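Now for the letters of each chain:
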Amino acid sequence: MGAGENIVNPALVAALQTLTPTHDPFLKSLEAYAAEHRVPILQPESAQLLELLTAMKKPKHVLEIGTAIGYSAVRMAIAMGEGKITTIEKSPEMLELAKTTFENAKTNVVFEQLEGDAAEVLKHLKPSDLYDLVFIDAAKSHYKTYFDLVTPMLAPGALVISDNVLFRGLIADDQPVDKRFKTIAKNLKAYLAYLMAHEDFITSLVPIGDGFAVSLSRK
Ligand code: SAH
Ligand code: MG
């Protein structure tokens, strides 16, 4: 079962995906690589929403946590046209793959790749750099840590988008949660409660793909 199908009914997920085909051959090749090598990139319908939100926000500087092969970064770059994307990844293998992706992407956006554990890398970012859009898509148990580290580096009215927050539907109380997923589900539930109660952000939880949280800074 693909992610999303335990969140929205499988037939509807299939319909959404049929209605959201990827035409760009370069993006298609990234999707094919990810499917073959089981890299958990955004599902097409989530990628489409990310592109839309990016186009609406028109960010100059994006921060991404969790690069993988660079698919979501390229989708944001397409919506930006120009500007800069700083993206963090801990896997050396993924870093290399993303480097090739960014070299082959036809865009004027500048990509900056940072290697290491996201929480550590975030602690060492230049505090003078401000981000208009942050996309969180890495270690699910640490989203609150990432969010709190990123908050002081947000430009006014910044958008923070967190992926996989509904985690295969496992944050719902009726779902039996496999032992190995218990901590993630518990931490994600706590993160969502924290986000919704955060007075400096207006947040909406969107059951698309594996679940988006879209948070707009009121400051
Ligand atoms: N955003 C990508 C998918 C990211 S998958 C896309 O949609 O195209 C999640 C990635 O986060 C993986 O490549 C994984 O190696 C990386 N990751 C997981 N934990 C991390 C951590 N603690 N620090 C940095 N990267 C991490
Ligand atoms: Mg994800």
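Look above for the structure.
The sections below set out a description of the structure shown in this document. Residue indices follow the written sequence of each chain, beginning from 1 at its first position. All chains are assigned letters beginning with A, and all ligands numbers beginning with 1, in the order in which they are written. The model is predicted, so local features are restricted to residues of pLDDT at least 70 and side-chain atom pairs to those at 80 or more, both for listing and for counting; the totals for chains, interfaces and linings are taken over all residues. With hydrogens and water set aside, each side-chain value is computed from the structure's full complement of heavy atoms.

1. Observations concerning the coordination of the magnesium ion (ligand 2)
The line we're drawing: Note that water is not among the atoms considered, so a metal site may appear incomplete; the donors listed are N, O and S atoms within 2.8 Å of the metal, with 3.2 Å applied to Na, K and Ca. Categorising residues by exposure relies on relative accessible area from a 1.4 Å probe, with only protein chains included: less than 20% of the type maximum marks a residue as buried, more than 50% marks it as exposed, and the intermediate range marks it as partly exposed.
Within the first shell, the magnesium ion (ligand 2) binds the protein through Asp 137 (OD), Asp 163 (OD) and Asn 164 (OD1), at distances of 2.0 to 2.1 Å. Along the chain, the residues donating to the magnesium ion (ligand 2) fall in the pattern D-x25-D-N. According to the relative accessible area criterion, Asp 163 is buried, its value standing at 5%.

2. Description of the sheet that holds strand S7 (residues 212–217)
Definition in use: Two strands pair if DSSP finds at least two bridges between them. In this text, helices come from DSSP runs of H or I with a minimum length of four residues, and strands from runs of E with a minimum of two, each type numbered from the N-terminal end. In this analysis an axis means a line fitted to C-alpha atoms, helices contributing only their contacting stretch, and an angle means the value between N-to-C directions, from 0 to 180 degrees. In what follows, residue pairs with any heavy atoms lying within 4.5 Å of each other are defined as contacts.
Strand order in this open sheet of seven strands is S3-S2-S1-S4-S5-S7-S6, and the pairing throughout is mixed. Each end of this open sheet is capped by a strand with a single partner; those strands are strand S3 (110–115) and strand S6 (201–206). In this sheet, neighbouring strand axes are inclined to one another by 15° on average, regardless of whether the strands run parallel or antiparallel. Bridge analysis of strand S1 (residues 61–65) against strand S2 (residues 84–89) gives five bridges, and the strand direction is parallel. Residue pairing across strands places Ile 65 opposite Ile 88, the latter belonging to S2. Helix H5 (residues 92–104) contacts S2 and S3 of the sheet and is inclined by roughly 170° relative to S3.

3. Here's the deal with the pairing of S6
Note that S6 and S7 share six bridges and pair antiparallel. What sits directly across from Thr 203, in S7, is Ser 215. From the end of S6 to the start of S7, which pair antiparallel, there are five residues, and Gly 209 there has a positive phi angle of about 55°.

4. Topic: the site of ligand 1
The condition is simple: Definition of nearness: a residue and a molecule or strand are near each other if at least one heavy atom of the residue lies within 4 Å of the molecule or strand. In the analysis that follows, any N or O atom pair within 3.5 Å is treated as a polar contact, provided that within protein one partner can donate a hydrogen and the other can accept it, and provided that, for residues neighboring in sequence, both atoms belong to side chains. As a working rule, the residues Ala, Val, Leu, Ile, Met, Phe, Trp, Tyr, Cys and Pro are called nonpolar, Asp, Glu, Lys and Arg charged, and the rest polar, with Gly in that last group.
Neighbouring ligand 1 are 21 residues; Ser 72, Glu 89, Asp 117, Ala 118 and Asp 137 lie closest to it. At a separation of 2.6 Å, an oxygen atom of ligand 1 approaches a polar side-chain atom of Glu 89. In this structure, a nitrogen atom belonging to ligand 1 sits 3.4 Å away from a side-chain N or O atom of Tyr 146. Here the shell around ligand 1 is composed, by residue class, of 11 nonpolar, five polar and five charged.

5. Overview of the environment of Thr 86
Locating Thr 86 in the fold gives a position in strand S2. The sequence separation of Thr 86 and His 61 amounts to 25 residues, and the corresponding C-alpha distance is 7.5 Å. The residues touching Thr 86, leaving out its near neighbours within four places in the chain, are His 61, Val 62, Leu 63, Glu 64, Glu 112, Leu 114 and Tyr 131. In this structure the side chain of Thr 86 is engaged in a polar contact, spanning 2.8 Å, whose partner is the side chain of His 61.

6. Looking at the environment of Ile 88
Tracing the backbone shows Ile 88 in strand S2. We classify Ile 88 as buried; its relative accessible area is 2%. Not counting residues within four places of it along the chain, the set of residues in contact with Ile 88 comprises Leu 63, Glu 64, Ile 65, Gly 66, Thr 67, Leu 114, Gly 116, Ala 118, Val 121 and Leu 122.

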